[in-house]
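Spelled out, the chains give:
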Amino acid sequence: MSEAHPHPRANPPTVSIHGRRVPYLERRTIGRRDYFLLEQVGPRRSYRAFDPRSGPGGDFFIVQQLEPGPRLDQRLRVLRRLKHDAFPRCVEWQRRGESTEVVLTWMEGISLADYLEHVRNGRRPPVAPGEAVRLIHGLANGLNRLHQSLQLAHGDLQPANLVLTSHPSRLVMIDFGSAWTVETTTRRHEGDGRHPIYAAPEISQASPVVGFHADQFSASVILYELLTGVVPYDGLGGKAGRPEFQAEATGMLIAPSQIHPRCGELPRSLRELLNRVTLRGLALDPDARYPDRRAWLNDLFELSATFRLPVPDSTGTRLLTRVVDWFTRRGEGQ
């Protein structure tokens, strides 16, 4: 049974986490374990949770509630395939009424959406161009593993569904609520991967076959945002592919080097390579993007290598790791 709490302001219930009393929203029993829901994460009904009896001192998890509907079985099939350390792994799940509760391993860090918000407000430094490329190259490798080894398309890449971790800093996908198996890509349901900005145009246009190229587009929007601080196509992102914008969409896409001084001040050869790789992934026509995963990964690898930023000794990586560590420690203390 779930033990719901009204969470009054004066005296909210607390749980001991690593010697500190931390307020929680609700306690849920899933299987034989009690999970204390601490805060909502991501755009869906997902929560960062704590299990005091998991290992020495307890551990954090993601508790996600899957609502009933035609996508439920598909989502469960997706979660069962996540058996790699690069992704949250399914620990257990159980039916509760008509919905299903799923427990996933927690990826420590800060939501990329939260980090970008701090950057926009001037509270944190922007990500350096070379560091942005390194992060997206790592994300692209994770997508390649998702597509090729697990036969899954993520379908909903956006900053709220990515965690920026530390040691080392990397982007990890945490929400697979819109993911679909490759064999069902032509039978996606209404609402799958429909973020108005980060979704590829072919998703909003209900294209019958959607997969790698859509994830490539979404990752490229995030790369552009990391490089420039703004969303491509004059803030429209994937919406630029809609019929009402198509006539002027081409002129809306401006190279990163023309948007932000950090990109414009790069050496010419590096600047041109950065522009080419970023803009190709943002083509509104999926046939104009990288034709396959290997070609995309190769160009991202070349771009990352050209920046000459080795991960262990990179100044940008060390700075980003310190920032993420600060957010992580602050989150545990709340």
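The sections below set out a description of the structure shown in this document. Keep in mind it's a predicted model, so treat the numbers as computed, not measured. (Residues numbered from 1 in each chain as written. Predicted model: local features only at pLDDT ≥ 70, side-chain atom pairs only at ≥ 80, totals over all residues. Heavy atoms only, no water.)

## Thoughts on the pattern of salt bridges
Selection criterion: Any carboxyl oxygen of Asp or Glu within 4 Å of a side-chain nitrogen of Lys or Arg constitutes a salt bridge here. Where helices and strands are cited, they refer to DSSP runs of H or I of at least four residues and of E of at least two residues respectively, numbered from the N terminus. Using a 1.4 Å probe on the protein chains alone, a residue whose accessible area is under 20% of its type maximum counts as buried, one over 50% counts as exposed, and one in between counts as partly exposed.
Summed over the entire model, instances satisfying the criterion amount to 11 salt bridges. Its salt-bridge partner being Glu131, residue Arg134 comes within 2.6 Å of it at the nearest N-O pair. Separated by 3 residues within a single helix, Arg134 and Glu131 lie in helix α3 (residues 129–149), roughly one turn from each other. On the basis of relative accessible area, Glu131 is assigned to the buried category, the value being 2%. A salt bridge links Arg289 to Glu202, with the nearest nitrogen and oxygen atoms 2.8 Å apart. Within this pair, whereas Arg289 is found in the loop between α8 (268–281) and α9 (293–306), its partner Glu202 is found in helix α4 (residues 201–204), the two being separated by 87 residues in sequence. The burial state of Arg289 is the same as that of Glu202; both residues are buried. Residues participating in the shared-partner salt-bridge network are Glu26, Arg28, Arg96 and Glu101.

## A few points about unusual backbone geometry
One non-glycine residue, Tyr233, adopts positive backbone phi at about 60°. Its place among the elements puts Tyr233 in the loop between α5 (212–228) and α6 (246–252). For Tyr233, a relative accessible area of 4% corresponds to the buried category. Phi is positive for Asp234, close to 55°, though the residue is something other than glycine. Counting through the fold element by element, Asp234 comes out in the loop between α5 and α6.

## Some remarks on the environment of Val172
We count it as follows: In what follows, residue pairs with any heavy atoms lying within 4.5 Å of each other are defined as contacts.
As for its placement among the helices and strands, Val172 is situated in strand β13 (residues 171–173). The sequence separation of Val172 and Ser111 amounts to 61 residues, and the corresponding C-alpha distance is 9.5 Å. If we ignore the near neighbours within four places in the chain, the residues touching Val172 are Ala86, Met107, Asn161, Leu162, Val163 and Thr165.

## Some points on the packing of helix α2 (residues 112–120) against α5
As a reminder of what qualifies: Here, axes are lines fitted to C-alpha atoms. For helices the fit covers the stretch in contact, and angles between N-to-C directions go from 0 to 180 degrees. Angle categories: roughly parallel below 35 degrees, roughly antiparallel above 145, roughly perpendicular from 65 to 115, and oblique for all the rest. A clockwise turn of the near helix away from the far one marks a right-handed crossing, whereas an anticlockwise turn of less than a right angle marks a left-handed crossing. Here the term charged refers only to Asp, Glu, Lys and Arg, the term nonpolar to Ala, Val, Leu, Ile, Met, Phe, Trp, Tyr, Cys and Pro, and the term polar to all other amino acids, Gly among them.
Running from N to C, α2 and α5 point in directions that differ by 25°, and their axes come no closer than 11 Å. Comparing the axis directions of α2 and α5 gives the class roughly parallel. Seen along the crossing, α2 lies across α5 with a hand that is left-handed. Contacts from Leu112, Leu116 and Arg120 in α2 reach Ile222, Glu225 and Leu226 in α5. Here the residues of the contact of α2 with α5 are counted per class, giving 4 nonpolar, no polar and 2 charged.

## Here we look at the sheet that holds strand β10 (residues 110–111)
Keep this limit in mind: Pairing between two strands requires that DSSP report at least two bridges joining them.
With antiparallel pairing, 3 strands are arranged side by side in an open sheet as β10-β12-β13. Lying at the two open borders of the sheet, with one neighbouring strand each, are β10 and β13. Pairing of strand β12 (residues 162–164) with β13 involves 3 bridges; the strand directions are antiparallel. Directly across from Val163, in β13, lies its bridge partner Val172.

## Considering the pairing of strand β2 (residues 14–17)
Only one face of β2 is buried, namely the one carrying Val15 and Ile17, since none of Thr14 and Ser16 on the opposite face is buried. Both β2 and strand β3 (residues 20–23) contribute to a ladder of 4 bridges, which runs antiparallel. Looking at the pairing, Val15 lines up with Val22 of β3. Hairpin connection, β2 to β3: the antiparallel pair is bridged by 2 residues, and His18 has positive phi, about 55°.

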